[in-house]
Amino acid sequence: MSEYKLSQEIINLSFSKIWEQAKLEWQLAEIYHQDEPDTCLCGHYPINEICVITNKINSNSVEIGNVCVKKFIGLPSDKIFRSLKRIAKDDSKALSAEAIQHASDKKWINSWETNFYFDTIRKRKLSTNQLAKRKQINQLVLRQTRR
């Protein structure tokens, strides 16, 4: 994995030509897991956890690996992917706050579902109806992140 190659590619797609400024122009637009391995912008292969980042100034967009998003750009994609892995194994588990916010921002879940999730995120013992709703929301989110 080449930090230099990644930073050069991001700078080339950014308005600013200074790394510390250029990386602030980018935001996490989409995340997904794909079965077929891909290559990150840094050159690392294989990657399956894909992050689409978009430049807030010039609207450029690029797909890079989850590790690069977290390590070099500092966006919370790793917390989102950890949540997705946890609920894929057990859909009664809770998503992280970052994953809930991302799902809400992407309109995968509505405002009622977002509020419900934040209200129950720390509860260990959910009622039967609450647990059923959590599982339903988790399945909605999982469907949006698989390719």
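What you see is a predicted model, and the numbers here were worked out from it, not measured in a lab.

Trainee: I would appreciate a short explanation of the overall build of the protein chain in the present structure.
Mentor: Of the regular secondary structure elements, the protein chain holds seven helices and three strands. Reading the secondary structure of the protein chain in the N-to-C direction produces α-α-β-β-β-α-α-α-α-α. Seen through its principal axes, the protein chain has C-alpha atoms that stretch 55 × 30 × 20 Å. Counting the 147 residues in the protein chain, one finds 46% classified as buried. Sequence separation of 24 or more characterises 51% of the internal contacts of the protein chain that already satisfy a separation of 6 or more. Total accessible area computed for the protein chain in this model is approximately 8300 Å², and 48% of it derives from carbon and sulfur atoms.

Trainee: Whenever I open this one, the environment of arginine 143 confuses me. Can you help?
Mentor: Summarising the element assignment, arginine 143 is placed in helix H7 (residues 128-144). Along the backbone, arginine 143 and tryptophan 108 are 35 residues apart, and their C-alpha atoms lie at a distance of 9.5 Å.

Trainee: What should I look at first to understand the layout of surface pockets in this one?
Mentor: In this approach, a probe sized like a water molecule rolls over the atoms, and the result shows the empty space that is left. Of the pockets and cavities examined, the largest pocket occupies roughly 300 Å³. As for the largest pocket, its lining consists of Arg86, Ser92, Lys93, Ala94, Leu95, Ser96, Ala97, Ile121, Arg122, Lys123, Arg124 and Arg134. Residue composition of the lining of the largest pocket, grouped by class: four nonpolar, two polar and six charged.

Trainee: Would you mind showing me how to read the pattern of salt bridges here?
Mentor: Two side chains that carry opposite charge are able to pair once their charged atoms sit near each other. Scanning all chains against the criterion turns up five salt bridges. The salt bridge partner of glutamate 20 is lysine 23, with a shortest N-O separation of 3.4 Å. As a salt-bridge pair, lysine 85 and glutamate 49 come within 3.0 Å of each other at their nearest N and O atoms. Taken as a pair, lysine 85 in helix H4 (residues 77-89) and glutamate 49 in strand E2 (residues 47-55) lie far apart in primary sequence, 36 residues in all.

Trainee: What should I look at first to understand a positive patch on the surface in this one?
Mentor: Taken together, the side chains of Arg86, Lys93, Arg122 and Arg124 present a region of like positive charge at the surface. Arginine 124 gets classed as exposed once you look at its relative accessible area, which sits at 81%.

Trainee: I tried to follow the sheet that holds strand E1 (residues 26-38) on my own but got confused; where do I start?
Mentor: Read across the open sheet, the three strands follow the order E1-E2-E3; overall the sheet is antiparallel. Each of the sheet's edge strands pairs with one partner strand only, and the pair in question is E1 and strand E3 (61-65). Adjacent strand axes in the sheet meet at a mean angle of 30 degrees, parallel and antiparallel pairs treated alike. Of the pairings in the sheet, the one linking E1 to E2 comprises eight bridges and is antiparallel in character.

Trainee: Any chance you could explain the side chain of threonine 145 here in plain terms?
Mentor: Among the structural elements, threonine 145 can be located in the segment after H7. Relative accessible area serves as the criterion here: at 1%, threonine 145 is assigned to the buried category. Setting aside residues up to four positions removed in sequence, threonine 145 forms contacts with Ile31, Tyr32, His33, Leu84 and Trp108.

Trainee: How should H7 be read in this particular structure?
Mentor: Note on helix geometry: an α-helix contains 3.6 residues per turn, so any two residues three or four positions apart are oriented the same way. Here H7 is 17 residues long and its end C-alpha atoms lie 25 Å apart, about the 24 Å a rise of 1.5 Å per residue gives. When we look at burial in H7, the residues that qualify are Lys133, Arg134, Ile137, Asn138, Val141 and Leu142. Buried residues along H7 sit in contact with H4, helix H5 (97-105) and helix H6 (111-120).

Analysis parameters
Residues numbered from 1 in each chain as written. Predicted model: local features only at pLDDT ≥ 70, side-chain atom pairs only at ≥ 80, totals over all residues. Heavy atoms only, no water. Helix = DSSP H or I, 4+ residues; strand = E, 2+ residues; numbered from the N terminus. Buried < 20%, exposed > 50% of the residue type's maximum accessible area, 1.4 Å probe, protein only. Contact = heavy atoms within 4.5 Å. Areas by Shrake-Rupley, 256 points an atom, 1.4 Å probe, with all protein chains shown as cover. 1 Å grid on protein atoms, 1.4 Å probe; cavity = no way out; pocket = protein on both sides within 12 Å on 5 of 7 lines; lining within 4 Å. Points joined across faces, edges and corners; volume = space filled by probe spheres on them. Nonpolar A, V, L, I, M, F, W, Y, C, P; charged D, E, K, R; others polar. Salt bridge = Lys/Arg side-chain N within 4 Å of Asp/Glu carboxyl O. Patch = residues over 30% accessible without salt bridge, like charges linked within 9 Å, V, L, I, M, F, W, Y side chains within 5 Å. Lys, Arg positive; Asp, Glu negative; His and termini not counted. Charge placed at Lys NZ, Arg CZ, Asp CG, Glu CD. Pairing = 2+ DSSP bridges. Axes fitted to C-alpha atoms, helices over the stretch in contact; angles between N-to-C directions. Expected span 1.5 Å × (residues − 1).

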